[in-house]
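Chain residues, written in single-letter form:
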Amino acid sequence: RTVEKGDVFLGNANMGAGSSREQAAEVLKYLGISAVIAPSFAGIFYRNAINLGLPVFTIDKTLMSMPALVDGANVEFHFDVAELKILDDATCIKLIPLPNFLKELILDGGLVPHLEKRFQQEGSSS
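Okay, so let's go over this structure. Source: prediction; values computed, not measured.

1. A look at the overall build of the protein
For the protein, the count of helices and strands is 4 helices and 6 strands. Secondary structure elements of the protein, listed N to C terminal, follow the sequence β-α-β-α-β-β-β-β-α-α. Since a compact globule built from 126 residues should have a radius of gyration of about 14 Å, the 15 Å found for the protein is in line with a globular shape. For the C-alpha atoms alone, the extent of the protein along its principal axes is close to 55 × 30 × 30 Å. Out of the 126 residues in the protein, the part that is buried amounts to 35%. Of the contacts made within the protein by residues no fewer than 6 positions apart, 56% connect residues no fewer than 24 positions apart. Per element, the accessible surface of the protein, about 7800 Å² overall, is 53% carbon and sulfur.

2. Details of helix α2 (residues 43-52)
Listed in full, the buried residues belonging to α2 are Phe45, Asn48, Ala49, Ile50 and Leu52. Packing partners of the buried residues in α2 comprise α1 (23-30), β3 (56-58), α3 (100-107) and α4 (111-124). Once α2 ends, the next one or two residues include Gly53, with phi positive near 85°.

3. Considering the pairing of strand β4 (residues 75-78)
Sheet topology note: the β4/strand β5 (residues 83-86) ladder contains 4 bridges and is antiparallel. Counterpart to His78 in the pairing with β5 is Glu83. Following β4, the chain reverses through 4 residues before pairing antiparallel with β5; Ala82 in that reversal takes a positive phi of roughly 50°.

4. Structural notes on a nonpolar patch on the surface
On the surface, Val3, Val27, Tyr30 and Leu31 cluster together into a nonpolar patch covering about 410 Å² of accessible area. Relative to the elements of secondary structure, Tyr30 occurs in helix α1. Judged by relative accessible area, which is 73%, Tyr30 ranks as exposed.

Reading the values: the criteria
Residues numbered from 1 in each chain as written. Predicted model: local features only at pLDDT ≥ 70, side-chain atom pairs only at ≥ 80, totals over all residues. Heavy atoms only, no water. Helix = DSSP H or I, 4+ residues; strand = E, 2+ residues; numbered from the N terminus. Rg over C-alpha atoms; globule rule 2.2 N^0.38 Å. Buried < 20%, exposed > 50% of the residue type's maximum accessible area, 1.4 Å probe, protein only. Contact = heavy atoms within 4.5 Å. Areas by Shrake-Rupley, 256 points an atom, 1.4 Å probe, with all protein chains shown as cover. Pairing = 2+ DSSP bridges. Patch = residues over 30% accessible without salt bridge, like charges linked within 9 Å, V, L, I, M, F, W, Y side chains within 5 Å. Salt bridge = Lys/Arg side-chain N within 4 Å of Asp/Glu carboxyl O.

In structure tokens, the structure reads:
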């Protein structure tokens, strides 16, 4: 009930473990979560999130104990530079960046829109 569009979800290690269905990532995207950040992800959850266009970034596990990383913290997420800024104390946390091909896939809205875009481009160039 308290989730707002643009919120960032901070998860624990092995985020998404036990959720082999894409609905686990889909509901986060539906709620308007702008990114899921965790020290590590379960493989199926990670791939489902990427396929749905939900940004998932890993954070160095040593940063998880920062006092500013608390529920309800006022943050800004910057996808392009893989950075989380905590506005309350102006702390910038560098996340582990995604490879360019995954960034492009997410920016296209997920796997299906990305493939549709690619097929259209390939079809128009022939």
